[in-house]
Amino acid sequence: MKHYLSIHDIGDLQTTVNEAIALKKNPYQFEQLGHQKTICLLFFNNSLRTRLSTQKAAMNLGMEVMVMNFGSEGWQLEFSDGAVMDGGKAEHIKEAAQVVSQYCDIVAIRAFAGLLDKKKDEAEEVLNGFKKYASIPVVNMESSVAHPLQALADTITIEEHRIIERPKVVLSWAPHPKPLPHAVPNSFVNMMRLQEAEFVITHPKGYELNPEVTKGCKIVHNQRQALENANFVYVKNWSSYSEYGKVLHTDKNWMMTQEKLGDAKFMHCLPVRRNVVVEDAVLDSLQSLVIEQANNRTYAAQVVLKRILENIK
Ligand code: CP
């Protein structure tokens, strides 16, 4: 693997999931692979899970890790070719990406959507800027439109907990007071397309995801109907895509409850707002897989870094 920018970069999903589960059983098996190799984690946005699990994955592989909160500690980056840089932006992506490439062997980047300008967000200027100008592999730790490490952890979790060959998996929108990006649901949908599952998306009208992402997916606007006989319910808020970045409503009736969940397993990428997105009774029940999902972030990152290290050896 050269880069890990989207779920499509991993090749065969089932093989990758099996490899991640094997790494989980024996995490230090490949600790020589990353000897004298360094990963640099650049954060333009906050994180708990991604930061610690990617660091842990790299350490399990014997790598050195450098972490920088670029958004608050780095120079403000210019991305336009030919820009006259007489404003607030002190450094161009061309130099920044090449300089980072001198210090490490892999660079991993988190840069969220701003949710103000759809075209700008979909251009993925930070991630694609590093891909264009860095001379080392680039890993996506959540970009404007994708969170492929989360999606891989989610599919590992489903694999570990499914008791039937073709489970019913429901992606349900939930209310949230703030506008959130589309990266997690986009990657979850893309990953579900590669899975053996009955997949249903449910959300209020106006919350349609990018139609190119959901093309061919079953979408049901009645949440209770969508949840019938579900085996896994993945709950996530996202802002409107058509009225880009807007919170259209915060209808409490869409919050996930124990009664609506039934016997299904509950999934969420975290962080989650209790009693807004999902009620306490669900998160505190044995049906909740959220801590296991967070644990699997390590092995999702580890299988990705292992594949990249094998390619650059
Ligand atoms: N799920 C996830 O990416 O968590 P963090 O934002 O804390 O990294």
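Residues numbered from 1 in each chain as written. Predicted model: local features only at pLDDT ≥ 70, side-chain atom pairs only at ≥ 80, totals over all residues. Heavy atoms only, no water.

Description of the sheet that holds strand E10 (residues 232–236)
Right, on to step 1. Read across the open sheet, the five strands follow the order E9-E8-E7-E10-E11; overall the sheet is parallel. What marks the edges here is a single partner per strand, and that holds for strand E9 (218–220) and strand E11 (265–267). This sheet shows a mean twist of 25° between the axes of neighbouring strands, independent of strand direction.
Right, on to step 2. Where E10 and E11 come together, three bridges link them in parallel fashion. Counterpart to Val233 in the pairing with E11 is Phe266. (Pairing = 2+ DSSP bridges. Helix = DSSP H or I, 4+ residues; strand = E, 2+ residues; numbered from the N terminus. Axes fitted to C-alpha atoms, helices over the stretch in contact; angles between N-to-C directions.)

A few points about the sheet that holds strand E2 (residues 64–68)
Right, on to step 1. Reading across from one edge, E2-E1-E5-E6 is the order of the four strands in this open sheet, with parallel pairing throughout. Edge positions in the sheet fall to E2 and strand E6 (138–140), since each has one partner strand and no second. Taking each pair of neighbouring strands and ignoring which way they run, the sheet shows an average axis angle of 20°.
Right, on to step 2. Along the sheet, helix H2 (residues 49–60) makes contact with strand E1 (38–43), E2 and strand E5 (106–110), crossing E1 at roughly 175°. (Contact = heavy atoms within 4.5 Å.)

Thoughts on the packing of aromatic side chains
Right, on to step 1. Counted according to the given criterion, the structure contains six aromatic pairs.
Right, on to step 2. Taking 4.8 Å as the distance between ring centres and 25° as the angle between the ring planes, the aromatic pair formed by Phe44 and Phe70 counts as stacked. Highlighted residues: Phe44 in the loop between E1 and H2 and Phe70 in helix H3 (residues 70–73), separated in sequence by 26 residues.
Right, on to step 3. Look at Phe70 and you get buried, because its relative accessible area is 7%.
Right, on to step 4. Each ring, one from Trp173 and one from Tyr207, has its centre 4.4 Å from the other, and the planes form 40°; the classification is tilted. Highlighted residues: Trp173 in strand E7 (residues 168–173) and Tyr207 in the loop between strand E8 (198–202) and helix H9 (211–214), separated in sequence by 34 residues. One exposure class covers both Trp173 and Tyr207, and it is buried.
Right, on to step 5. We note Lys118 situated over the ring of Tyr241; from NZ or CZ to the ring centre the distance is 3.8 Å.
Right, on to step 6. Over the ring of Phe30 we find Lys306; its NZ or CZ atom is 4.5 Å from the centre of that ring. (Phe/Tyr/Trp six-rings, centres within 6.5 Å; stacked < 30°, edge-to-face > 60°. Buried < 20%, exposed > 50% of the residue type's maximum accessible area, 1.4 Å probe, protein only. Lys NZ or Arg CZ within 6 Å of the ring centre and 35° of its normal.)

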